[in-house]
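The primary structure of each chain is shown beneath.
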Amino acid sequence: MRPLVRFTFLCVLLLLVAGTVFAQTTASLTGTVTSDDGSVLPGVTVTLSSPGLQGTRTAVTGDAGTYNFAGLPPGDYTISFELNGMDRQNKRTRVQLAQTSRVDATLRVAGVAEAITVTASAPSVLETPQVASNFQSAQIENLPVTRDVRNTVLLAPGVNGNGPGNNVMISGAPAYDSVYLVNGVVVNENLRGQPHSLFIEDSIQETTVITGSVSAEYGRFTGGVVNTITKSGGNEYRGSLRDSLSNPSWTEETPFAGQPDNPDTLQQIYEATLGGFFIRDRLWFFGAGRLAEKVPVGTAMSTRRFTAVTALPYDNFNDETRYEAKLTGRITSRHNLVASYLNIKLDETNNAFTPIADVDSIVASRSLPNTLSALSYNGVLTNSLLVEGTYAKKYYAFEQSGGRFTDPIRGTWIQDSARGFRFNAPVFCGVCTPEERNNESWVAKANYFLSTQSLGSHNFVGGYENFEEQRIVNNYQSASQYEIITGGTRVVNNVVYPIFDSGTRLRYRPIFDLSQGTDFATQSFFVNDRWDLNKNLSFNVGVRYDKNNGHDSSGNLVSDDSAFSPRLGLIYDVLGDGRFRVNASYSRYVSKIADGNVGGSAQSAGSPALFSYNYTGDSINGTGVPDGQLVPTHQALEQLFAWFNSRGGFDPANFRPNSSSVPGYSARFDDPISSPYVDEINVGFGTRIGAYGFARVDLMNREWGNFYAAQLDTTTGNVADPYGNRTDQSVTVNSDNIERTYQGLQLQANWQKSRLNFGGSYTLSKLEGNDEGEAQGTATSRNTPLDLWYPEYLDYEQRLPVGYLNGDQRHRARVWAGYELSTFVGNFNISVLESYGSGIAYSAIGTIDASGRAANFRFTGAPTNPNNVYLLNQLGNDHNYYFGKRGQYRTDSMLSTDLAINYSLPISRLTFFAQADVINVFNDDAVIDLASSRIDTTVYTARTPPPASLGLAALQPFNPKTDTPVEGVHYHLGPRFGQATSPDAYQQPRTYRVSLGLRF
């Protein structure tokens, strides 16, 4: 009974351990030592050494002949096994980030010569139920891919870039709902969940992508975990210099008609790294820098932009400098500290919230500072007990991002509602409080290893994590707090003149309650046991407890819930030698409470009100005014505001607006909401391929629940704002009436011997549901199930049908091969990457008025307001209708062959290198970019009729609850439906890239 008592005691103890702080920046190594007759050997001294480890680490095998090292810096290790009377044995292996590696040893009676061998034990990817892929920097540098985190992640199975705005999705989850770590710091952007570029490419050491069966050490996600670590110093001085060159003219043009020639502009990115020691084996340093000047913003190839209608040229580019510093210190032989800092100084020139029609709408310069700080501790208290952790902080801000003039004439933007563009001033306020999106965390973690004869060996991990996320924003829509919506403009000689008449609306957008910042905190406890019962059977037994406490910027309690997340798995080693392994697991992952549309849905602080006034003054620049007598914009605004001030200006008591809304009234929280979750079942099989490779396949099923939802029905009532305006009020709730499911087969394989290597990943998957839950401009959204949002009007099946979601892609494969060739003139590495992706699902969605109130969409049997309960002000007259099945259309399939040729020439301690990449060698031109709305999905209805120039038949309204619409009678697909709307809709055309530099 003693082992069982110790087991129970340790489970309780680990939940109480407070060992400073913790970061997910380390790895583990375990194994079993036996004699040549198969008997386990307790008492064997196991010693580790590595260029990445200060000093050595030592452990002694327990009663089951097993050992374990936790908290190891990833890297190459030499393992020494010693026991009196037995020959010493040395082995070499690589320990990978956030994974467990295994090295077993067999000792023989003394008399055999000592030898060093490379272990042929199971690769770390087969060692646990966790579905993970690891990518080393050397591998990424040889492949024809961009050397950043995003493109590394896209090499893994279960991952695609089909989220809104091409954001990364992992195992079917929304793009915002994965966790990205760099040096243990969460680098997710607060609203949309995508990772900030807090890295320097040449400083990245390795990246681990976890897509399933995730340990209880990780939380606040329903997708996956991406863990990146940067390089550290060492007992040798090493560094690099690199110049990466690109040019828009080195990219072929797509088949899109009318696109301009790519400009011939050389663009260079410089990188430098240096690492070494201040005190050998005691204090190491690493530093890196990156300089990029006049780089096109986003995915554009050129900095040149043009204004709408007036076609005025301007250049939009970033000047960016990144710095990184890291210190690794050995306090004693058993205690270490790592401090890391990364700073991005990003200045953007000529930012614009497009479409714009003049240069006055351009933000000449804005800054987006971004920093990452982390302090990690690692302490070996006994040979069996280790504590480790980190304090981490991320800062991100928008500075001067908007208009600089606060007066109504220069600080008010004007929108042409007919043609959609804006002019006269930038959107947002550049002289108001900068917006910040930050996070801060600390974690305490302990590892304890127990080796017994009766219960096998246990590697316990337990700890506490505190994560806080904050957003400070006062969302001024303009620097003056005014905006003008006009029904038309006149453009003469590339100058825009506003038309102010009875169709013009002046809108005042004040913020009455300034934001002090949101506060979304999650406190978590976790315990996980990796239990090796015997040579055939091992288990993962873990649970995580998350306690949310979230307040929006108005101080409203948004979330005060808690949830347990069990993580259970097993591995069966068929032969007991690591060659064939079967794995199975059940996991629940709980998302965080997010800011933005959900966490901030009921807040007033930082949100603008809206007071809209119809202009009733004299017509300005109407159709009868000759071109030569048009009033310039500033003079026209002076006349408009003179009219406004003559009526009393903003004085709702005496000059009532035509419409108004005040934030904090249209939505409320009756009860704090709970986090969404996903349940995952995974079964898989893995095998070693000789001594040089592996293959693993996993079958995964995921089902989400507890979605955020907005309820607005006859029970939620209405409310009056301080100005007497009444509005229907919604309540934010949780609902399981939203569906989202994922089934996937995730395959990965790798084989490397001498100079030849092969690898790849393949995913066969299906993503289904009845609501996307996110869009390009937003992340987490309050869904509106059929039975919750004005159900008397909107409860029709084709508003939210079940089908393939936009992220669905049936087949996705990445396969690569490389060969190294040494010659008398230098060394060559030739690598080929073959990429394939089947079409992405999309739908024919048209706009109707399901209420039947709009003049162009009246139909028989239209719903009526039940007992006139509703004010209907949140119902609107535009509602989605799916014409056909959700996801019945597909983009083109994508195929690309990419080539990289790497050359290196060592001269003494220096190595000169050069790399040339050719992307899409055969210049395939599939139309694939649905995620950024670059494919035409126009559907015409009676509510949104086709222009007369198309010569299409007039369309009839229909009852969405009872009628089946007929194409040509009730709707038309646009004449370019499914075709590209921009050159960026195509896969990347043939592109050439070059980089060169030196290493030492």
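What you see is a predicted model; the values in this text were computed from it and never measured.

What follows concerns the overall build of the protein. The helix and strand inventory of the protein stands at 5 helices and 62 strands. For a compact globule of 1000 residues, the expected C-alpha radius of gyration is about 30 Å, and the protein comes in at 31 Å, within 12% of that figure. The dimensions of the protein, computed from C-alpha atoms along their principal axes, are 105 × 65 × 50 Å. The burial tally for the protein puts 57% of its 1000 residues in the buried class. Contacts in the protein between residues far apart in sequence, at least 24 positions, make up 74% of those at least 6 positions apart. On the protein, roughly 39,900 Å² of surface is accessible, and the fraction owed to carbon and sulfur atoms is 54%.

Moving on to the side chain of Arg242. Summarising the element assignment, Arg242 is placed in strand 17 (residues 238-246). Polar contacts involving the side chain of Arg242 include one to the side chain of Asp202, which spans 2.9 Å. At a separation of 3.2 Å, a polar atom in the side chain of Arg242 contacts the side chain of Ser995. Leaving out residues up to four positions away in the same chain, Arg242 has contacts with Glu141, Arg147, Asp202, Ile269, Tyr270, Glu271, Phe913, Ser995, Leu996, Gly997 and Arg999.

Attention shifts here to the state of the cysteines. Per the counting criterion, the structure on display carries 1 disulfide. Each sulfur in the disulfide pair Cys429 and Cys432 lies 2.1 Å from the other. What sets the handedness of the Cys429 and Cys432 disulfide is the S-S torsion sign, and at about 80° it is right-handed. Given the relative accessible area of 24%, Cys432 is considered partly exposed.

Before going further, it helps to spend a moment on the sheet that holds strand 13 (residues 179-182). In sheet architecture, strand pairing relies on hydrogen bonds along the backbone and comes in two forms, parallel and antiparallel. With mixed pairing, the 5 strands of this open sheet are ordered in space as 10-15-16-13-14. Only two strands of the sheet have a single partner each, and these edge strands are strand 10 (131-136) and strand 14 (185-186). Pairing of strand 13 with strand 14 involves 2 bridges; the strand directions are antiparallel. In the strand pairing of strand 14, Leu181 is matched with Val186.

Tallying each qualifying case throughout the model produces 47 salt bridges. Here Asp202 and Arg242 are joined by a salt bridge, their closest N and O atoms 2.9 Å apart. Here Arg242 lies in strand 17 and Asp202 lies in the loop between strand 14 and strand 15 (204-212), a separation of 40 residues in the sequence. With respect to burial, Asp202 and Arg242 carry one shared label: buried. Across the salt bridge formed by Asp670 and Arg668, the nearest N and O atoms sit 2.6 Å from each other.

Here we take up unusual backbone geometry. The omega torsion across Thr354 and Pro355 is 5°, close enough to zero to call that bond cis. Positionally, Pro355 belongs in the loop between strand 23 (335-351) and strand 24 (363-367). Its identity is not glycine, yet Lys294 carries a phi of approximately 50°, on the positive side. If you trace the backbone, Lys294 turns up in strand 19 (residues 283-296).

This part covers the nonpolar core. Counting 33 residues, the largest nonpolar core has Tyr790, Tyr793, Leu794, Ile848, Phe857 and Phe883 as its most contacted members. One finds Val145, Val149, Val168 and Trp816 within the second-largest nonpolar core, a separate group that totals 32 residues.

Our focus in this paragraph is the pairing of strand 52 (residues 811-823). Both faces of the sheet carry side chains from a regular strand, because those side chains alternate between them. One ladder, built from 9 bridges, connects strand 50 (residues 756-769) with strand 52; its direction is antiparallel. Bridged to Thr763 within strand 52 is Arg812. Note that strand 52 and strand 53 (residues 826-837) share 12 bridges and pair antiparallel. Among the inter-strand pairings, Leu821 is bridged to a residue of strand 53, identified as Phe828. The hairpin formed by strand 52 and strand 53 contains 2 residues between the paired strands.

Quick look at empty space enclosed by the protein now. By the definition in use, this model includes 13 cavities of 30 Å³ or more. Of the pockets and cavities examined, the largest cavity occupies roughly 420 Å³. Ser28, Ala98, Thr100, Ser215 and Glu217 are the residues nearest the centre of the largest cavity, which is lined by 29 residues in total. Counting only elements with at least two residues in the lining of the largest cavity, the list comes to strand 1 (27-35), strand 4 (66-72), strand 29 (435-451), strand 30 (457-472), strand 35 (519-532) and strand 36 (537-551).

Before going further, it helps to spend a moment on the sheet that holds strand 42 (residues 667-668). With mixed pairing, the 3 strands of this open sheet are ordered in space as 42-48-45. Strands at the two margins of the open sheet, each flanked by one partner only, are strand 42 and strand 45 (707-711). Pairing between strand 45 and strand 48 (residues 730-735): 5 bridges, direction antiparallel. Looking at the pairing, Ala709 lines up with Val733 of strand 48.

Turning next to a nonpolar patch on the surface. There is a patch of nonpolar side chains on the surface, built from Leu570, Tyr572, Val574, Leu575, Phe580, Val582 and Phe685 and spanning about 550 Å² of accessible area. Sorting the residues of the nonpolar patch by element identifies strand 38 (562-573) and strand 39 (580-590) as the ones contributing at least two each. Along the chain, Val582 turns up in strand 39. By relative accessible area, Val582 is classed as partly exposed at 37%.

Attention now moves to the pairing of strand 23. Note: strand 22 (residues 317-332) against strand 23, 15 bridges, orientation antiparallel. Bridge pairing in strand 23 places Lys326 opposite Ser340. Counting the residues between successive antiparallel strands, the hairpin from strand 22 to strand 23 contains 2 residues. As defined by bridge partners, strand 23 adjoins strand 25 (residues 370-380) across 10 bridges and the pair is classed as antiparallel. Its bridge partner lying in strand 25, Tyr341 is registered against Ser373. For strand 23 and strand 24, the ladder comprises 4 bridges, and the chain directions are antiparallel. Bridging across to strand 24, Thr349 finds its partner in Ser365.

Mapped onto the secondary structure, Arg799 falls in the loop between helix 5 (791-794) and strand 51 (803-804). Ignoring any residue separated from it by four or fewer positions in sequence, one finds Arg799 in contact with Thr784, Pro785, Leu786, Trp789, Leu794, Asn880 and Tyr882. Engagement of the side chain of Arg799 in a polar contact is seen with the backbone oxygen of Pro785, the distance being 3.5 Å.

Looking now at the environment of Val731. Mapped onto the secondary structure, Val731 falls in strand 48. Residue classification places Val731 among the buried positions, given a relative accessible area of 5%. Here the alpha-carbon distance between Val731 and Thr715, two residues 16 residues apart in the chain, equals 10.0 Å. What Val731 contacts, discounting residues up to four positions off in sequence, is Arg668, Asp670, Ala709, Ala710, Gln711, Thr716 and Arg782.

Residues with a pLDDT of 70 or more make up 95% of the protein, whose mean pLDDT is 91. Note on residues 3-23: pLDDT under 50 across the span, and 54 contacts to partners over four residues away in sequence or across chains.

Conventions adopted
- Residues numbered from 1 in each chain as written.
- Predicted model: local features only at pLDDT ≥ 70, side-chain atom pairs only at ≥ 80, totals over all residues.
- Heavy atoms only, no water.
- Helix = DSSP H or I, 4+ residues; strand = E, 2+ residues; numbered from the N terminus.
- Rg over C-alpha atoms; globule rule 2.2 N^0.38 Å.
- Buried < 20%, exposed > 50% of the residue type's maximum accessible area, 1.4 Å probe, protein only.
- Contact = heavy atoms within 4.5 Å.
- Areas by Shrake-Rupley, 256 points an atom, 1.4 Å probe, with all protein chains shown as cover.
- Polar contact = N/O pair within 3.5 Å; in protein donor to acceptor, adjacent residues only side chain to side chain.
- Disulfide = S-S within 2.5 Å.
- Pairing = 2+ DSSP bridges.
- Salt bridge = Lys/Arg side-chain N within 4 Å of Asp/Glu carboxyl O.
- Core = buried A, V, L, I, M, F, W, Y, C linked by side-chain atoms within 4.5 Å.
- 1 Å grid on protein atoms, 1.4 Å probe; cavity = no way out; pocket = protein on both sides within 12 Å on 5 of 7 lines; lining within 4 Å.
- Points joined across faces, edges and corners; volume = space filled by probe spheres on them.
- Patch = residues over 30% accessible without salt bridge, like charges linked within 9 Å, V, L, I, M, F, W, Y side chains within 5 Å.
- pLDDT = per-residue confidence, 0-100.

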